[in-house]
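Next come the chains, spelled out residue by residue.
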Amino acid sequence: VGEFDEEDDTYPGSALGQGLRLAAQLLATDLGVRIVHVPMNEDFDTHDDHPGRHPYLLESLDTSLEAFFTDLDNRGLADRVLVMTTSEFGRTARDNASAGLDHGTASVALLAGPVNPGLYGEHPSLDTLDDNDDLIATMGFDQYYATVAEGWFGVPAGDVLAAGATPLDGVFS
C-alpha cells in the first residue's frame with residue numbers, strides 16, 4: 001500500500017496544505033482512490049475588511065496547490081490528477097459599510113491540472129446587475145459539473161445530472 005509521511009515541510013501547515021499532502025499520499029497508493037475531497041476550512045465569509053482578508057485566503061490556496069502539484073509531479077501523477085474547486089456562494093459587486101462583501105449570486109470555479117488553460121464562460125458584467133445589484137452568473141454549476149463528468153470521468157452528463165446540462169468545449173484535450 002505504501003508509507004504515509006508523518007511530516008512533510010514542503011506543504012504549508014494549514015488544514016488545506018495538510019489535507020492536500022494526505023490526498024497526494026492516498027492517490028499514490030494502489031488503493032484505487034479516484035476522488036478525494038479536501039475542504040479549505042478558511043473563513044471566506046468576508047463581510048468585514050474584504051480587501052485585508054481575501055489576499056491571505058488566496059495566498060493560502062496558492063501555496064497549498066503549488067506544494068500539491070509539485071508533489072504530484074515528483075510522484076509522476078501530475079497528468080492524472082484534476083483539482084476542482086467550488087464555493088456555495090459568490091460575493092456582492094459592491095462593498096458594504098464594513099469594507100466587506102456580502103453574499104452574492106455569481107461565483108468562481110477553478111479547474112487545475114491537465115486542462116487547457118484559460119477562462120471559460122463569460123466574466124459577469126459589472127455594468128449589468130440583477131434587481132439586488134448582484135452579478136449575474138453566466139454559467140451554472142450543472143455546466144461545470146457536466147464538463148468534469150464527461151471530460152474527465154468519461155460519464156455522460158445526463159447519467160449524473162438533470163437533463164440539459166451541457167459541458168464546456170475545449171477544457172480537456
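Before reading further, recall that the structure is shown in the block above.
What you see is a predicted model, and the numbers here were worked out from it, not measured in a lab.

Undergrad: A description of the overall build of the protein should follow, citing residues and the corresponding values.
TA: If you tally the helices and strands in the protein, you get four helices and four strands. Starting at the N terminus and ending at the C terminus, the protein contains elements arranged as α-α-β-β-β-β-α-α. Viewed in the frame of its principal axes, the protein has a C-alpha envelope of about 55 × 40 × 25 Å. A burial count over the protein gives 30% of its 173 residues as buried. In the protein, the share of contacts with a sequence separation of at least 24, taken over all contacts with a separation of at least 6, comes to 58%. Just so you have it, the protein exposes about 10,700 Å², and 50% of that area is on carbon and sulfur atoms. With 7 positive and 31 negative side-chain charges, the protein shows a spacing of 4 Å between the two charge centroids.

Undergrad: Mind laying out unusual backbone geometry, listing which residues take part and the relevant values?
TA: Even without being a glycine, A99 presents a positive backbone phi close to 55°. Looking at the secondary structure, you find A99 in the loop between β2 (90–91) and β3 (103–104). For A99, a relative accessible area of 33% translates into the label partly exposed. The phi dihedral of D133 is positive, around 65°, even though this residue is not glycine.

Undergrad: Can you tell me about the packing of helix α1 (residues 15–27) against helix α2 (residues 50–74), naming the residues and giving the values?
TA: Packed helices, taken two at a time, are described by their axes: the angle between them and the distance between them. Across the interface, α1 lies against α2 with an axial gap of 9 Å and an inter-helix angle of 20°. One element, α1, and the other, α2, form an angle in the roughly parallel class. The way α1 lies across α2 gives a crossing that is right-handed. Taking contact as the criterion, the partners of L16, G17, L20, A23, A24 and L27 in α1 are, on α2, S60, L61, S64, L65, F68, D71 and L72. Partitioned by chemical class, the residues of the contact of α1 with α2 number nine nonpolar, three polar and one charged.

Undergrad: Quick one: what's the story with the nonpolar core, residue by residue and with numbers?
TA: Of all hydrophobic cores here, the largest spans 15 residues; its most connected members are Y11, L20, F68, L72 and V81. Listed by contribution, the elements that provide at least two residues to this core are α1 and α2. Discounting residues that sit within four places of it in the chain, Y11 has contacts with G17, Q18, L20, R21, A24, S64, A67, F68 and D71. In this structure, L111, Y144, V171 and F172 belong to the second largest nonpolar core, which totals eight residues.

Undergrad: Give me the packing of aromatic side chains: which residues, what numbers.
TA: Going through the model one piece at a time under the given rule, you end up with four aromatic pairs. With centroids separated by 5.6 Å and ring planes inclined at 65°, the aromatic side chains of F68 and F69 adopt a geometry described as edge-to-face. Pairwise contacts between aromatic rings join F141, Y144 and Y145 into one cluster.

Undergrad: Which residues make up the environment of D49, and what are the values?
TA: Mapped onto the elements of the fold, D49 is located in the loop between α1 and α2. D49 has contacts with S98, A99 and G100, leaving out every residue within four places of it along the chain.

Definitions and limits used
Residues numbered from 1 in each chain as written. Predicted model: local features only at pLDDT ≥ 70, side-chain atom pairs only at ≥ 80, totals over all residues. Heavy atoms only, no water. Helix = DSSP H or I, 4+ residues; strand = E, 2+ residues; numbered from the N terminus. Buried < 20%, exposed > 50% of the residue type's maximum accessible area, 1.4 Å probe, protein only. Contact = heavy atoms within 4.5 Å. Areas by Shrake-Rupley, 256 points an atom, 1.4 Å probe, with all protein chains shown as cover. Lys, Arg positive; Asp, Glu negative; His and termini not counted. Charge placed at Lys NZ, Arg CZ, Asp CG, Glu CD. Axes fitted to C-alpha atoms, helices over the stretch in contact; angles between N-to-C directions. Parallel < 35°, antiparallel > 145°, perpendicular 65-115°, else oblique. Left-handed = near helix turned anticlockwise from the far one by under 90°. Nonpolar A, V, L, I, M, F, W, Y, C, P; charged D, E, K, R; others polar. Core = buried A, V, L, I, M, F, W, Y, C linked by side-chain atoms within 4.5 Å. Phe/Tyr/Trp six-rings, centres within 6.5 Å; stacked < 30°, edge-to-face > 60°.

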